[in-house]
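Survey of secondary and tertiary structure
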Amino acid sequence: MYQVVTAVERKGEKYLKAVASKRLSKEEISKALDGKLAYGATLITDKHPSYKAFAKDNDKKDSKTGISIHKAQSAIGQRSCG
């Protein structure tokens, strides 16, 4: 099974990464999004626990990303495929 991690810039550029995983871990999310999020990025997810852990690890003053997390109205950020 694959999970698709996605990111969209405000200007519309899209990034998609298929991850071979039944259930994403914060480490897999971190690897998939490495270098893709700017400081102050807003992470919109379905509140999967691994996204919350990823955001918590990256929401520190010394962090390069300074991510804040918000719950989406629908499940955005993680999709199952396969």
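Each chain has its residues counted from 1, running along the sequence as written. Totals for whole chains, interfaces and linings use all residues, but because this is a predicted model, local features are given only for residues with pLDDT of at least 70 and pairs of side-chain atoms are given and counted only at 80 or more. With hydrogens and water stripped out, all remaining heavy atoms of the structure feed into the side-chain values.

**Re the overall build of the protein**
What counts, and what does not: Strands are runs of DSSP state E lasting at least 2 residues, helices are runs of H or I lasting at least 4, and numbering of each runs from the N terminus. Each residue gets one of three labels from its accessible area relative to the maximum for its type: buried under 20%, exposed over 50%, partly exposed in between, using a 1.4 Å probe on protein chains only. To measure how exposed things are, a 1.4 Å probe is used in the Shrake-Rupley method; for residues, cover is taken only from the protein chains shown.
Looking only at helices and strands, the protein has two helices and five strands in total. Seen in sequence order, the protein has helices and strands lined up from the N terminus as β-β-α-β-α-β-β. Burial analysis of the protein (82 residues in total) assigns 32% to the buried set. Carbon and sulfur atoms make up 50% of the accessible area of the protein, which totals about 5900 Å².

**Quick notes on the pairing of strand 2 (residues 14–20)**
Let me state the cut-off plainly: Here, any two strands with at least 2 DSSP bridges between them count as paired.
The pairing of strand 1 (residues 2–8) with strand 2 spans seven bridges and is antiparallel. If you follow Ala7 over to strand 2, its bridge partner there is Tyr15.

**Description of helix 2 (residues 49–58)**
Rules: When we speak of the arc, we mean the arc of directions from the helix axis to the C-beta atoms.
Burial in helix 2 covers these residues: Ser50, Tyr51, Phe54, Ala55 and Asn58. Buried residues of helix 2, seen end-on, are gathered within an arc of 135 degrees and therefore sit on one face of the element. Relative to its buried face, helix 2 has exposed residues pointing more than 90 degrees away, namely Pro49 and Lys56.

**Details of the packing of helix 1 (residues 26–33) against helix 2**
As a reminder of what qualifies: Lines fitted to the C-alpha atoms define the axes, with helices restricted to the stretch that makes contact. Angles between their N-to-C directions range from 0 to 180 degrees. Left-handed describes a crossing whose near helix is turned anticlockwise from the far helix by less than a right angle; the clockwise case is right-handed. Any two residues having at least one pair of non-hydrogen atoms within 4.5 Å are treated as being in contact.
Helix 2 packs onto helix 1 with a crossing angle of 65 degrees between their chain directions and a minimal axis gap of 8 Å. Between helix 1 and helix 2 the crossing geometry is right-handed. Across from Lys26, Ile29, Ser30 and Leu33 in helix 1, the residues of helix 2 making contact are Ser50, Tyr51, Ala53, Phe54 and Asp57.

**Section: helix 1**
Buried residues of helix 1: Ile29, Ala32 and Leu33, and no others. Each buried residue of helix 1 sits inside an arc of 85 degrees when the element is viewed along its axis, so together they form one side. Pointing more than 90 degrees away from the buried face of helix 1 are the exposed residues Glu27 and Lys31. Looking one or two residues beyond helix 1, the residue adopting positive phi is Gly35, at roughly 75 degrees.

**Let's talk about the confidence of the model for the protein**
Convention followed: A residue's pLDDT is the confidence the predictor assigns to it, expressed on a 0 to 100 scale.
Confidence along the protein averages 77 in pLDDT terms, with 72% of residues attaining 70 or more. Counted against residues more than four places away or in other chains, residues 73–82, with its pLDDT under 50, gives 25 contacts.

**A short note on the environment of Leu24**
The residue Leu24 is located in the loop between strand 2 and helix 1 in this model. On a C-alpha basis, the gap between Leu24 and Ser50 in space is 6.6 Å, while along the polypeptide they are 26 residues apart.

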